Amino acid sequence: MWKLLKYLSLTVFILALLAVTALAYLWTTREPDECFIPDQYSLLSSKDTNGDAYQLYYVVAGWADKLEFLTLYRGDLVYDKCGGVSSEALDNVDIDRGPEGAANQAPTKIIIEGERIRIEYAPLSETMTPVSELPVEWRRPSKNAENL
């Protein structure tokens, strides 16, 4: 009787292990049907230069801790099925601001020189200008500037 019970429990254990392995395989090989929260893109400025359309976007990424940066693209953005951008960026610059350490500053101006982004900063004050209201200056590339 005990031998039969032992073999029966071993058989049930092996079948359960096979079922769990099969479910794990099916779960890992399935196509994801859920999209994560995509980055938020806001067009700040655009400019046509010699037939090329350049677009500067303010991007907010992250779920709990938000990251802010500026991204420069040539041409219209291409989106994937989840709403994320799959276009290749020409340049990407983080926006550093806040009262902590070296980031005791606030952005005051955005400069696009050729295919590069530069942000001018000033000491942090009580009121900060939203990124969407910062002036954007488009400049021709200087002789010393590196372009892609």
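Since the structure is predicted, the reported quantities are computational estimates derived from the model, not experimental observations. (Residues numbered from 1 in each chain as written. Predicted model: local features only at pLDDT ≥ 70, side-chain atom pairs only at ≥ 80, totals over all residues. Heavy atoms only, no water.)

Caption draft 1: Expanded view of the sheet that holds strand E2 (residues 52-61). Judged by pairing direction, the sheet is antiparallel, and its four strands sit side by side in the order E1-E2-E3-E4 without closing on themselves. The two strands at the open ends of the sheet, each matched to only one other strand, are strand E1 (40-49) and strand E4 (91-94). Mean inter-strand twist for the sheet, computed between neighbouring axes without regard to direction, equals 15°. For E1 and E2, the ladder comprises nine bridges, and the chain directions are antiparallel. Paired with glutamine 40 across the strands is valine 60, a residue of E2. (Pairing = 2+ DSSP bridges. Helix = DSSP H or I, 4+ residues; strand = E, 2+ residues; numbered from the N terminus. Axes fitted to C-alpha atoms, helices over the stretch in contact; angles between N-to-C directions.)

Caption draft 2: Just the nonpolar core, in detail. Leu56, Leu70, Leu72, Ile110 and Ile117 are the most contacted members of the largest nonpolar core, which has 15 residues in total. Among the secondary structure elements, those contributing two or more residues to this core are E2, strand E3 (67-74), strand E5 (105-113) and strand E6 (116-123). For this core, the leading source of residues is E2, giving four residues. Sequence-distant contacts of isoleucine 117, defined by excluding residues within four places in its chain, comprise Leu56, Leu70, Thr71, Leu72, Asp91, Asn92, Val93, Ile110, Ile111 and Ile112. Core analysis: the next-biggest nonpolar cluster, separate from the first, contains seven residues, Tyr57, Val59, Tyr73 and Val85 among them. (Core = buried A, V, L, I, M, F, W, Y, C linked by side-chain atoms within 4.5 Å. Buried < 20%, exposed > 50% of the residue type's maximum accessible area, 1.4 Å probe, protein only. Contact = heavy atoms within 4.5 Å.)

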